[in-house]
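Spelled out, the chains give:
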Amino acid sequence: MRGAKIMKPSNKQQQQLVKSIKKNRRNRIIKIIAKSIYLNRMGNKEDLYTYVCDEFTMMGGVYVKFLQGVLLRSEVMRNWHNPDKLKIFEDLDTESIDLREVLELELGDKLNEFEVINPVPFAAGSFGQVYYAKLKIGKTVIIKVLRPMIRETLKYDLKLISLFTRQLTNMLANNMDLSLKDAMKDFTQATMRETDYVGEANFAAEMHETYKNHPKLIIPETYLSL
C-alpha cells in the first residue's frame with residue numbers, strides 16, 4: 001500500500017480531455033447517421049442494422065447499453081448479422097485504471113482501512129469494473145469503480161444517442177415495432193440511476209439491514225463509510 005502520491009490532472013487538462021472525447025463521439029455519431037441515411041435510401045435495411053450495431057459495439061460504454069436495453073427489443077437487433085453479437089452481454093474488455101489513484105482521491109486517509117487491494121479487475125460491465133480487496137478488520141470486500149470519464153461524458157453521450165434515435169425513428173417509422181422515443185426516455189432515467197454509485201450503495205445498505213436475519217436471502221453488507 002506504499003507508494004508516491006499521484007497528482008490529479010489539472011482542471012484545464014481534464015476539461016481539454018473531456019472536450020476532445022465529446023468532439024470525437026459527436027463526429028462519429030454524425031458519420032453513423034449519414035451512412036445510415038444512405039443505406040436506408042439504398043434499401044439495404046440489413047446492412048443498415050448491422051452497421052449501426054457494429055459501430056455502437058465498438059464505441060462501448062453507454063452505446064452498448066443502448067443495444068442491450070433499447071434496440072434489443074426492435075427489428076434492428078433481430079436483423080443484426082454478426083456471429084459475435086451475443087458478446088455484448090458478456091463481461092466487456094477492462095480499461096486501465098490506476099485503482100490506488102482513484103481510491104486516494106475518493107477516500108483519502110480511509111484508504112488505510114484496507115489491508116490488500118487487487119489492482120486487476122475480475123469483471124467489467126458497460127460502466128464499471130470490480131476488484132477484490134480485504135479490509136484490516138479481516139473482511140473480504142468488492143470495490144466497484146466507474147470507468148474513466150463516465151461522469152464527465154455520460155449526459156452528453158445520452159444526448160448523442162437521443163439524436164441518433166430521432167433520426168432512426170424518422171427513417172424506419174413504418175417498420176419499428178416499439179416506441180423508440182418512450183424507450184429512450186426510460187433508458188436515460190435507468191442509465192443515470194445505474195451510474196449513481198452513492199445511491200446504489202445506500203439502497204444496498206438498506207436492503208442488507210432489512211434482510212440480514214432472513215433464513216434464505218443473503219444481502220452483502222455495504223460499507224457506507226467507504
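Throughout this description, residue numbers start from 1 for each chain and increase along the sequence as written. Reporting of local features is limited, given that this is a predicted model, to residues whose pLDDT is at least 70; pairs of side-chain atoms are given and counted only at 80 or more, and all residues count toward the totals for whole chains, interfaces and linings. Hydrogens are left out, water is left out, and the side-chain values use all remaining heavy atoms of the structure.

## With respect to the layout of surface pockets
Argument step 1. In this model, the largest pocket occupies a volume close to 1,700 Å³.
Argument step 2. A cavity, in this analysis, means grid points on a 1 Å lattice covering only the protein atoms where a 1.4 Å probe fits yet has no way out; a pocket is instead an open set bounded by protein on both sides within 12 Å along at least five of seven lines, and a residue lines either one if it has an atom within 4 Å of a point. Contributing to the lining of the largest pocket are 42 residues, with Ile 143, Lys 144, Val 145, Leu 146 and Tyr 197 lying nearest its centre.
Argument step 3. In this description a helix means any DSSP run of H or I spanning at least four residues, a strand means any run of E spanning at least two, and both kinds are numbered starting from the N terminus. Elements that contribute at least two residues to the lining of the largest pocket include exactly helix 1 (11-41), helix 5 (99-107), strand 4 (140-146), helix 6 (150-172) and helix 8 (197-211).
Argument step 4. A per-element tally of the lining of the largest pocket places strand 4 first, with seven residues.
Argument step 5. For the lining of the largest pocket, the per-class residue count stands at 25 nonpolar, six polar and 11 charged.
Argument step 6. Around the second largest pocket, the lining is made up of 31 residues, and of these Thr 57, Met 59, Gly 60, Gly 61 and Val 64 lie nearest the centre. Grid points are joined across faces, edges and corners, and a volume is the space filled by probe spheres set on the points. When residues are sorted by character, Ala, Val, Leu, Ile, Met, Phe, Trp, Tyr, Cys and Pro go into the nonpolar class, Asp, Glu, Lys and Arg into the charged class, and all the rest, Gly among them, into the polar class.

## Structural notes on unusual backbone geometry
Argument step 1. A positive phi angle is found at Met 149, which is not glycine, with a value near 70°.
Argument step 2. Inspection of the secondary structure assignment puts Met 149 in the loop between strand 4 and helix 6.
Argument step 3. Residue exposure (1.4 Å probe, protein chains only): buried if accessible area is under 20% of the type maximum, exposed if over 50%, otherwise partly exposed. Owing to a relative accessible area of 15%, Met 149 belongs among the buried residues under this scheme.

## What about the confidence of the model for the chain?
Argument step 1. One confidence number per residue, pLDDT, is output by the predictor and ranges from 0 to 100. Summary statistics for the chain give a mean pLDDT of 86 and a share of 92% for residues scoring 70 or more.
Argument step 2. Summarising per-element confidence for the chain, the mean pLDDT is lowest in helix 4 (residues 75-78) (73) and highest in strand 1 (residues 114-117) (96).
Argument step 3. Should any heavy atoms of two residues lie within 4.5 Å, those residues are counted as being in contact. Across residues 1-6 the pLDDT falls below 50, and counting only partners more than four positions away or on other chains, this stretch makes 11 contacts in the model.

## What to know about the nonpolar core
Nonpolar side chains in soluble globular proteins tend to be buried together.
Argument step 1. Ranked by size, the top nonpolar core spans 37 residues in total, and within it Ile 29, Phe 56, Phe 66, Leu 71 and Phe 164 carry the most contacts.
Argument step 2. Put simply, the parts of the chain that give this core at least two residues each are helix 1, helix 2 (45-59), helix 3 (62-69), helix 4, helix 6 and helix 7 (180-194).
Argument step 3. Looking at this core, the element that brings in the most residues is helix 6, giving eight residues.
Argument step 4. Setting aside anything within four residues of it in sequence, one finds Phe 164 in contact with Ile 29, Ile 32, Ile 33, Ser 36, Val 52, Phe 56 and Phe 66.
Argument step 5. Side-chain atoms within 4.5 Å link the members of a nonpolar core, which is a set of buried Ala, Val, Leu, Ile, Met, Phe, Trp, Tyr and Cys residues. By size, the runner-up hydrophobic cluster in this structure holds 13 residues, among which are Phe 114, Ala 133, Leu 135 and Val 141.

## A few points about the side chain of Thr 50
Argument step 1. With respect to the helices and strands, the residue Thr 50 is situated in helix 2.
Argument step 2. Excluding residues that lie within four positions of it along the chain, Thr 50 makes contacts with Asn 79, Trp 80 and His 81.

## Re the pattern of salt bridges
Argument step 1. Here, a salt bridge means any side-chain nitrogen of Lys or Arg that lies within 4 Å of a carboxyl oxygen of Asp or Glu. Scanning the model with the defined rule gives eight salt bridges in all.
Argument step 2. Here Arg 25 and Asp 157 are joined by a salt bridge, their closest N and O atoms 2.7 Å apart. A residue pair is termed long-range when its members are at least 10 positions apart, and Arg 25 in helix 1 and Asp 157 in helix 6 qualify at 132 residues.
Argument step 3. With a closest N to O distance of 3.9 Å, Glu 106 and Arg 151 form a salt bridge. With Glu 106 in helix 5 and Arg 151 in helix 6, this pair connects stretches of sequence that are 45 residues apart. Taken as a pair, Glu 106 and Arg 151 share a single burial class, namely exposed.

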